[in-house]
Amino acid sequence: MADITTYRTCPRSGLQFEANAEKLMLANAVVAVVFLLIGGILAIGVVLTRWPSVHWLQADDFYMVLTAHGIDMLIFWIIFFEVAVLYFCSSTLLRCRLATPKVAWLAFALMLIGAVTNNIAVFQGSSSVMMTSYVPMMATPAFYLGLILFAVGALIACFVFFGTLVVAKRDKTYQGSVPLVTFGAITAAIIAVFTIASGAIILIPTFLMSIGIIKEVDALVYRTIWWAFGHSSQQINVSAHIAIWYAAAAIAFGAKPMSERVSRGAFLLYILFLQLASAHHLLADPGLSTGWKVVNTSYFMYFAVLASMIHGLTIPGAIEVAQRAKGYNNGLFEWLRKAPWGNPTFSGVLIALIGFGFLGGISGVMMGTEQLNMIIHNTIYVPGHFHATVVIGTTLSFMALTYFLIPVLFKREMINPGLARLQPYLFGLSMYFFVLVMMGAGTLGVPRRHWDMSFSGAAMAYEWPGAAYLMMGLVGIAGIAAIVGGAIYIYITVGSLLWGKRLDDGAFSAKPTPFPLTPASTALHGTGSAGFAAPGTFVLALVFLTAFVLYYFINWKYLSQVWGLS
Amino acid sequence: MSAILPPSERLWWKHPLDRVEGTWIVIALVWCLVMFAMMVGWHIYGKQNLSTETYKTTREMFSAKAQAVVDKYTVRTETDKQIPVVHPPAGGDVYLIGRLWDWWPIIEFEKGKTYRLHLTSMDYNHGFSLQPVNINIQVVPGYEHVVTMTPNQSGTFSIVCNEYCGIGHHNMLGRIYVK
């Protein structure tokens, strides 16, 4: 082995960090947080402009800020953090060295150069084309070039991850199968390769169009392929944050999966069907057949929804089983009442899980139903939905994981733990309210990406109902509360990194310490009631299903009242 | 042992399902199939399905057809821009142009009658958002989308653009009257 490296065993978690992987995780996570900070500052501009009575920015600034907010949050913050998660799930969880660290640094450099290039292009003001950059509306060449460089870097990082899996297998650092969390990360990485390839297929010709080499990229072809990138990148997030949920359940409770077979099977359904969902964005488009829309938008008969519903049961179910085994076995919900609600890693993940399911999941299926999409497409219901999935689901999960990583990876004592305890509640619950009022306004038809809902100066202005103004005002208030919550996260993370008390590194060794052989697990059963290992979780799942079914048919009722269309 | 360690049982795929998981998987699968059947069934029994009738078109071709209908069926003009109000016959074709930054012309329908509305964009993507009905359709340049519409209420309706199309996007409005 040419690479000389060391392995550090963290005294607080027992996790083993390889030196190269550790530095790369740190670098990627720190840059991610910087982009979250930029995106968060931009969010102030978006929220205060869409709040009708404030209406802060001018139109050109608003559209520029909205473009940057979307790209910095949805792409740069999340994918930088995901690269750190991929290295964690391979090198750290498999206790092996990271494959090709120099190439991993190259990937990091390309991503950083790409992200900065793209941001400069946007802030110069002539690339306010939104994250989707639909042709024939054109941005400057640097806008596309930045995204392409970033995508190439991210793709290389995925291959470093796959290479690390090979290293672990070859060096026999583990026996049998990879941990479930690593399996989830593999799912995310496979989806990422598909996603980034789609992005390259459409952004490279668009870049060539922007410098005049290609005359035209067809508008509908662009939309179709761009969404294989744009939507699928959110599917990377789903897989990654669900892997983090399993990890958090294991870390906070020592919970083991209820059954490896079910949880891995659900991840496999993601690999097979999740990407079909890019069709959700094309349901109101011309030129695509009904059969294509129905098969794709339903992830082939909703098999990926099935997978999400399975994860939604098995993660709290595993926590319930672990808690009952510890003796919190009274009634249906003692296990939940006695959960560590003051631990931000747990509370963050639980708020993320519930919000992702109830708000993001249910609304996503509504929008993804071919006919129901017509009463939702491009209204502010859409950003309502994806703030539930990407902010409550992914971002809050990443925040929760960060609180675990501050002492473990950053080796710092967390500054102000009292504030950290509060943060998931402030951020998560204000986002709950934010997305609910956004979806409410969307149900009344208020459009997304729109500077002035009062249409001041237009000849044939439309007057929105008063409730729409009220809800957009509440969007503003809830948005500001959530931004404060986000600022607290950044303060705690950056503050701990800069001023937190330095903690003990733990023992170093030149060779990885393999996993000890674990004894065969004891049976899952023995607690619970009526032959159900997790009866409380099952009841909660039925509450979820009831909400889902009711809301689904309410929307059909609403659709059945609009004009006939055929 | 736990989700962050390799499974302790080497043959984890032979581990029996817990009843809570098995029951939930069956319930969830049934619900997924119900939702799938609902979407397919609405195509057969429902009255709100988006047409897929689409043609490739160009600015010149579409403008010429729109102009012909305007010339034939204009009943009056409105606003100081003299926007024609077109009243097509029931069952007839009518053309709506989306462009930076208006919808042209104004259209007048009759309640309960069916019309073939042709949509396209002259430039960027636009969004046809009929308010307060709340029907939303993507309008893509180069493609002529023929949507068959049957208004079930009378009144004045606005077409808001809900696809970002540049600096004047928020003032891009059109109108449909239903008598």
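Residues numbered from 1 in each chain as written. Chains lettered and ligands numbered in written order. Predicted model: local features only at pLDDT ≥ 70, side-chain atom pairs only at ≥ 80, totals over all residues. Heavy atoms only, no water.

A.B. asks: What is the right way to read the pattern of salt bridges from this model?
C.D. replies: For the structure on display, the rule yields 18 salt bridges over all chains. For K56 of chain B, the salt bridge is made with D218 of chain A, and the minimal N-O distance between the two is 3.0 Å. In this pair, K56 of chain B is assigned in strand β1 (residues 54-56) and D218 of chain A in the loop between α5 (180-210) and α6 (219-230), connecting two distinct chains. One salt bridge in this structure joins E260 of chain A and R264 of chain A, with 2.8 Å as the shortest N-O distance. Placement of the pair is E260 of chain A and R264 of chain A together in helix α8 (residues 260-273), with a separation of four residues, close to one helical turn. Residue E260 of chain A is classed as buried on the basis of its relative accessible area, which comes to 10%. (Salt bridge = Lys/Arg side-chain N within 4 Å of Asp/Glu carboxyl O. Helix = DSSP H or I, 4+ residues; strand = E, 2+ residues; numbered from the N terminus. Buried < 20%, exposed > 50% of the residue type's maximum accessible area, 1.4 Å probe, protein only.)

A.B. asks: Quick question: what am I supposed to make of the packing of helix α7 (residues 232-253) of chain A against α8 of chain A here?
C.D. replies: For any two helices packed against each other, one specifies the crossing angle of their axes together with the interaxial distance. Residues and elements named next belong to chain A. Between α7 and α8, whose axes approach to 11 Å, the crossing angle comes to 170°. Relative to α8, the element α7 is oriented roughly antiparallel. Two secondary-structure elements touch here, α7 through V238, S239, I242, A243 and Y246 and α8 through S263, F267 and Y270. A per-class count over the contact of α7 with α8 returns six nonpolar, two polar and no charged. (Axes fitted to C-alpha atoms, helices over the stretch in contact; angles between N-to-C directions. Parallel < 35°, antiparallel > 145°, perpendicular 65-115°, else oblique. Contact = heavy atoms within 4.5 Å. Nonpolar A, V, L, I, M, F, W, Y, C, P; charged D, E, K, R; others polar.)

A.B. asks: Quick question: what am I supposed to make of unusual backbone geometry here?
C.D. replies: If a residue is not glycine, its phi is most likely negative; likewise, a peptide bond is most likely trans. Across the junction of V135 of chain A and P136 of chain A, the peptide omega takes the value 5°, indicating a cis bond. Relative to the elements of secondary structure, P136 of chain A occurs in the loop between α3 (101-123) and α4 (141-170). Omega for the peptide link from L100 of chain B to W101 of chain B comes to -10°, which places this bond in the cis form. Relative to the elements of secondary structure, W101 of chain B occurs in the loop between β4 (93-99) and β5 (102-104). In this structure, M130 of chain A takes a positive phi of about 65° despite not being glycine.

A.B. asks: Sorry if this is basic, but what is going on with the pairing of strand β8 (residues 126-131) of chain B here?
C.D. replies: Successive side chains on a regular strand alternate, one facing one side of the sheet and the next facing the other. All names here are of chain B. In terms of residue burial, β8 counts as a mostly covered element, since six of its six residues are buried. Of the two faces of β8, the one holding H126, F128 and L130 and the one holding G127, S129 and Q131 are both buried throughout. Sheet topology note: the β8/strand β9 (residues 135-139) ladder contains five bridges and is antiparallel. Bridging from a neighbouring strand, G127 pairs with Q138 of β9. Hairpin connection from β8 to β9: three residues lie between these consecutive antiparallel strands, with N134 at a positive phi of about 70°. In the sheet, β8 pairs with strand β11 (residues 155-161) via four bridges, with the strands oriented antiparallel. Within β11, the residue paired with S129 across the bridge is V160. (Pairing = 2+ DSSP bridges.)

A.B. asks: Looking at this structure, I do not really get the nonpolar core. What am I missing?
C.D. replies: It is characteristic of soluble globular proteins that their nonpolar side chains tend to be buried jointly. Among the nonpolar cores identified, the biggest contains 272 residues, and I75, W77, F80 and W563 of chain A together with F128 and I176 of chain B are the most heavily contacted of them. If you tally residues by element for this core, the top one is helix α2 (residues 59-94) of chain A, at 26 residues. Both domains that furnish three or more residues to this core are identified here as domain 1 (1-49) and domain 2 (52-178) of chain B. Every residue in contact with I75 of chain A, bar those within four places of it in the chain, is listed here: G70, F80, M131, L147, F150 and F229 of chain A. (Core = buried A, V, L, I, M, F, W, Y, C linked by side-chain atoms within 4.5 Å. Domains from an automatic or database assignment.)

A.B. asks: Looking at this model, I keep getting lost on the interface of chain A and chain B. Mind explaining?
C.D. replies: How big an interface is tends to be reported as the loss of accessible area on association of its parts. Facing the 116 residues of chain A at the interface are 89 residues of chain B. Taken together, both faces of the contact between chain A and chain B bury some 9100 Å²; the carbon and sulfur share is 68%. The largest contributions to the chain A side of the interface with chain B come from M460, W563 and L565 of chain A, which together make up 12% of the buried area. For the pair chain A and chain B, the number of links is 42 residue pairs in polar contact (both at pLDDT 80 or more). Counting residues per element, the side of chain A that touches chain B draws most heavily on helix α16 (residues 535-560) of chain A, at 12 residues. Among the residues making up the side of chain A that touches chain B, the classes are represented as 72 nonpolar, 31 polar and 13 charged. (Buried area = accessible area lost by both parts, 1.4 Å probe. Polar contact = N/O pair within 3.5 Å; in protein donor to acceptor, adjacent residues only side chain to side chain.)

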